[in-house]
Every structure is written in structure tokens, then in C-alpha cells.
Amino acid sequence: MTFPSTDDLYITDVPGKGKGIIALRYFQRGETVLAEVPLFTQSIVRGNASVLGALAQCTPEQQQEFFRLHSCHGDRYAQALGIFETNVLPCGSNDAHGHVAQQGGIFLAGARFNHSCVPNVNNHWDAARGQLVFRALRDIEAGEELCLGYGRLLAKRGERRAELSAKFGFDCACEACSLEGKALVASDARRECLAMMYSAHLRGSYGDPFEGVGEAVLALRFLREERLPVYESSFCYSGFHCCAAVSDFTSAMSWAHRAFEASRAAFGDDHACYWKDFVANPSSYSDASSLGKRTLAGPDSSLWNVLGF
Ligand SMILES: C[S@@+](CC[C@H](N)C(=O)[O-])C[C@H]1O[C@@H](n2cnc3c(N)ncnc32)[C@H](O)[C@@H]1O
């Protein structure tokens, strides 16, 4: 072990993965498993010299810890840069809308989280506190390995594996990547479909509001089946938008409530704040009542069972 354990986590060797982080106790969904300040940060324009420059400001013990971190880049990069690029985590939001965090940091404990295509932990930058916060995406039992999702999760197994191998130098053997036969075909189909629905959501193209809400419900089902709650609040946004647009504020309120809970669990209270006003007053949404009045349904409506969603 290279970094002190806490009462909550333990850094140890994990077969086939180098080091990894194991939960020492039960974590409830949304609970913070670790909050860490960066050892140092670098902008997206960086090189070996700038990494060595930042390291020069660190204590000898911190430098030692840094050089103990893994590099998956071999001779492709100079040593310090190789370590930085293998372990860097975003200090800002890297989202699918194309925003790229302008700063990335080294977190001596956080760098030990391995990857899973069914991650149980999400990292989110808390700018006000200058910390990266790692939260449980679902209930986690003591003894489970804590894993982040490094790459594109909404892709077929072959594409995910190719990306992880090229960027991080390993062949993923997580539970989603270990599926075979019909189970693999179904998982690939769900993730591919989620990717398409997610890009439509990002483009803001919802089409007919009833179909838009139906797609959001289907997406929530696929996310549940793939165990990918990190995208839940985005799809709830689609459901909320469609219901608010047709002035179905009762349904809009249930979508907003679900988005609030999902957003809080993955990204924390500050991020979930966005939803608070809409839970109380969905008609304050900018696109509210922009289409003709209709009655749709919330995420938990029995209508979806009747329609076979
Ligand atoms: C940020 S580090 C994670 C901690 C690392 N295992 C260590 O020993 O410090 C990323 C590297 O961990 C390894 N890794 C991460 N997730 C893995 C997985 N699911 N299977 C195998 N190796 C993995 C790969 O070598 C990858 O380049």
C-alpha cells in the first residue's frame, strides 16, 4: 500500500489490475467515498517540462508518491508525463455537450481507482471547495472494489475495449465486458440505443412530446438493466422538458423530482440545486407551455407498464 488507508477505503493489489481501491464499509448511494484536493494541476496544454515544474513545488514525499503511480504509456512519453496522463482526472466538467475541463489534476488516492464499464463511483469536481468528490453511484457493500468509468460507457463492448486498450493499455474484463451470447447482444443493443437517445437529448431534439417521454422511460429502463445510473438525470431532463412544454406540470414535477434525486446522488447537492425550483414550480422552466396542452406521464406512471415499456 502506498497511500494511507482511511477507515472507509483500502488501497491494495487487485489481481490483473495493479493497485485498486476496496470499500471497507457499506456506502449508501450518493454518499461521498472520498474527497481529495489535487497534488497539482495542469492545463490541457501541458508537457513533461510543465509536469516536472509542478512536481518541483511538491515535498520529496509527495514526489515519491507521484513516481509510484502507474504509467500505461511505456516509452511513448517521458516518465513524469506518462504518469500524469495515465492518472489525470478532470478538475471541471468534461461532459458530452463538448465541454472539456481546462484543468486536470493528480489525486494520489483517487488515481488508484480502476475502471469498470459498470462503475459504482462517480467523480465530480467541486469548484467551490477545490476538491474532487467521489460518490457512490449505488449502494456498495464492504469488500467491493470501487471503480470509475474511464471512457465512453454508452458503446458496444468491442468499441469500449478498443478505447480502453488504446488509452489505458488494458483489456477490460468487467462484468459487462465478460457477458457472452444473448446477454452480450442485449447489453450491446441497450448501450447503443442509449448512445443514440443520449445524443438526441444533447441536441435537444425531442420530437413529439409523447414519444420524447416514452424514450426517456425506455432509457431509464435500459440504464437500470445496464446499471448505469450516472446518466439518469440527463434522461429525466428530457422527460421533464416534454411534460413542461405541454403544460403537464404534475408529470413534469415527478420528472424533476427524479432528476433531483439522481443528480444529487451522482454529482452532489450543489449540482442538484438546479432542479429544486422545478420540483416546486415546473412552470418556471423557460420552455414551459411552449407547445399545445397535453397530458403525458411521469417516470413511475403505471401507463408505461400498460404500454409495455
Ligand atoms: C489510473 S490507474 C488506476 C490504478 C492502477 N491500477 C494502479 O496500480 O495505480 C489506470 C491503470 O490501471 C489499470 N486498470 C484500470 N482499470 C483496469 C481494469 N478494469 N482492468 C485491468 N487494469 C485496469 C490499467 O493499467 C490502467 O492503465
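Look a little higher up for the structure.
These numbers come from a predicted model, not from an experiment.

Focus: the sheet that holds strand β5 (residues 89-90)
For step 1, the next point in the chain: Pairing is antiparallel in the open sheet, where three strands are placed in the order β4-β6-β5. Edge positions in the sheet fall to β4 (40-43) and β5, since each of these pairs with one other strand and no more.
For step 2, the next point in the chain: Two elements, β5 and strand β6 (residues 103-106), share two bridges in a ladder whose sense is antiparallel. When the bridges of β6 are listed, Leu 89 appears paired with Gly 105.

Considering unusual backbone geometry
For step 1, the next point in the chain: Unlike most non-glycine residues, Arg 227 shows phi in positive territory, near 55°.
For step 2, the next point in the chain: Within the secondary structure, Arg 227 is located in the loop between α6 (209-226) and α7 (232-245).
For step 3, the next point in the chain: Residue Ser 289 is not a glycine yet carries a positive backbone phi of 60°.
For step 4, the next point in the chain: When you line up the elements, Ser 289 lands in the loop between α9 (269-280) and α10 (303-306).

What to know about the pattern of salt bridges
For step 1, the next point in the chain: Applying the stated criterion across every chain yields a total of 23 salt bridges.
For step 2, the next point in the chain: Here Asp 270 ties to Arg 129 by a salt bridge, and the two come within 3.6 Å at their closest N and O atoms. With a gap of 141 residues between them, Asp 270 in helix α9 and Arg 129 in the loop between β8 (121-126) and β9 (131-136) connect regions that are remote in the sequence. This pair shows no difference in class: Asp 270 is exposed, exactly as Arg 129 is.
For step 3, the next point in the chain: Here Arg 258 and Glu 232 are joined by a salt bridge, their closest N and O atoms 3.0 Å apart. Of this pair, Arg 258 sits in helix α8 (residues 249-267) while Glu 232 is found in helix α7, placing the two residues 26 residues apart along the sequence.
For step 4, the next point in the chain: Overall, Glu 232 belongs to the buried group, its relative accessible area being 13%.
For step 5, the next point in the chain: Through salt bridges with shared partners, a single ionic network connects Arg 190, Arg 191, Arg 221, Glu 225 and Glu 226.

Things to note about the nonpolar core
For step 1, the next point in the chain: Judged by nonpolar contacts, the single largest core of 46 residues is most densely connected at Cys 117, Leu 194, Tyr 231, Phe 235, Phe 240 and Trp 255.
For step 2, the next point in the chain: Elements represented by at least two residues in this core include exactly α5 (181-203), α6, α7, α8 and α9.
For step 3, the next point in the chain: Inspection of this core shows a minimum of three residues originating in each of domain 1 (9-168) and domain 2 (181-306).
For step 4, the next point in the chain: If we ignore the near neighbours within four places in the chain, the residues touching Trp 255 are Val 213, Ala 216, Val 217, Leu 220, Phe 235, Cys 236, Gly 239, Phe 240, Cys 243, Ala 297, Gly 298 and Pro 299.

Parameters at a glance
- Residues numbered from 1 in each chain as written.
- Predicted model: local features only at pLDDT ≥ 70, side-chain atom pairs only at ≥ 80, totals over all residues.
- Heavy atoms only, no water.
- Pairing = 2+ DSSP bridges.
- Helix = DSSP H or I, 4+ residues; strand = E, 2+ residues; numbered from the N terminus.
- Salt bridge = Lys/Arg side-chain N within 4 Å of Asp/Glu carboxyl O.
- Buried < 20%, exposed > 50% of the residue type's maximum accessible area, 1.4 Å probe, protein only.
- Core = buried A, V, L, I, M, F, W, Y, C linked by side-chain atoms within 4.5 Å.
- Domains from an automatic or database assignment.
- Contact = heavy atoms within 4.5 Å.

No statement about biological role is implied by the geometric values presented.
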